[in-house]
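The residues making up each chain are set out below.
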Amino acid sequence: MKLLGKLLTKIEDILHLGGCLGLVAVAGLINADILLRLLFNRPVQIQFELTELYLMPALAMLSLSRVFRDGGHLALDFVPEHLPGSWGTVVAKLRLLLPAVFFAAVTWMSGKFALEAIVHGDVEYGAVDWPLGWAYAVVPLGCGVLVLRLLHDAFTRGPWSEPTTNPMGGKLNETYE
């Protein structure tokens, strides 16, 4: 299980990097579009479609599992995180397994939708013809990795179910002098 945890952590980190690069690309494209419109009255023709169809879904979905691992999602907890005894173990597992079931369903349905779009060659017509299947594919990818993280955390205990980075930045137990 330790090897699976390490592999899952690497996958999450790579996908998170992709999501962060998507955010940088969105910022760069929007700023370039603004400057080109302002200075030369010439917009970046592909900015809107590229941002809307590919970059925004990527930056939202690719970081799901990594942010969950780091405890970075906003949550409204109405059940204490640690309850004593076997009841606490059941609740702790259900807190991971129920979202895993939901995100597995999202992964399945969005994966079918993306595959259908790829097979049928669905395209958004514009200045460039944008293949939609690949735009949709980030949803099952991000949700699928989150399902793996939820299942991993539900069935393992120890260092791999703990966050590997500090939500405030840096590695856990890292000190600054």
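All values derive from a computational prediction rather than experimental measurement.

Draft legend 1. Summary view of the packing of aromatic side chains. This structure, assessed with the given rule, holds three aromatic pairs. For the ring pair F113 and Y136, a centre distance of 4.9 Å and an interplane angle of 45° mean the geometry is tilted. With a gap of 23 residues between them, F113 in helix α4 (residues 85-120) and Y136 in helix α5 (residues 132-136) connect regions that are remote in the sequence. Of the residues examined, Y136 reaches a relative accessible area of 27% and is grouped as partly exposed.

Draft legend 2. Representation of helix α1 (residues 2-40) in the model. With 39 residues, α1 should cover 57 Å at 1.5 Å per step; its first-to-last C-alpha distance of 56 Å lies within 8% of that length. Listed as buried for α1 are G5, L8, T9, E12, L15, G19, G22, V26, L29 and D33. Summarising the contacts, the buried residues of α1 are in contact with α2 (47-61), α3 (64-69) and α6 (138-155). One or two positions beyond α1, positive phi appears at N41, with a value near 55°.

Draft legend 3. Structural detail: the confidence of the model for the protein. Here the protein averages 87 in pLDDT, and 85% of its residues register 70 or above. Below a pLDDT of 50 lies the segment residues 158-165, which in the model reaches 21 contacts outside its immediate sequence neighbourhood of four places, other chains included.

Draft legend 4. Unusual backbone geometry, seen in detail. Phi angles above zero are rare outside glycine, and N41 is one such case at about 55°. Within the fold, N41 resides in the loop between α1 and α2. We classify N41 as exposed; its relative accessible area is 67%.

Draft legend 5. Structural context of the side chain of E49. Structurally, E49 is set in helix α2. Within the buried core, E49 has no salt-bridge partner, and the shortest N-O distance to an opposite charge, that of R37, equals 8.9 Å. If we ignore the near neighbours within four places in the chain, the residues touching E49 are Y54 and W130.

Draft legend 6. Inspection of α6 at higher detail. If you check α6, its first and last C-alpha atoms are 26 Å apart, about what 18 residues at 1.5 Å a residue would give, namely 26 Å. α6 sits mainly inside the fold: 13 of its 18 residues count as buried.

Rules used in this analysis
- Residues numbered from 1 in each chain as written.
- Predicted model: local features only at pLDDT ≥ 70, side-chain atom pairs only at ≥ 80, totals over all residues.
- Heavy atoms only, no water.
- Phe/Tyr/Trp six-rings, centres within 6.5 Å; stacked < 30°, edge-to-face > 60°.
- Helix = DSSP H or I, 4+ residues; strand = E, 2+ residues; numbered from the N terminus.
- Buried < 20%, exposed > 50% of the residue type's maximum accessible area, 1.4 Å probe, protein only.
- Expected span 1.5 Å × (residues − 1).
- Contact = heavy atoms within 4.5 Å.
- pLDDT = per-residue confidence, 0-100.
- Lys, Arg positive; Asp, Glu negative; His and termini not counted.
- Salt bridge = Lys/Arg side-chain N within 4 Å of Asp/Glu carboxyl O.

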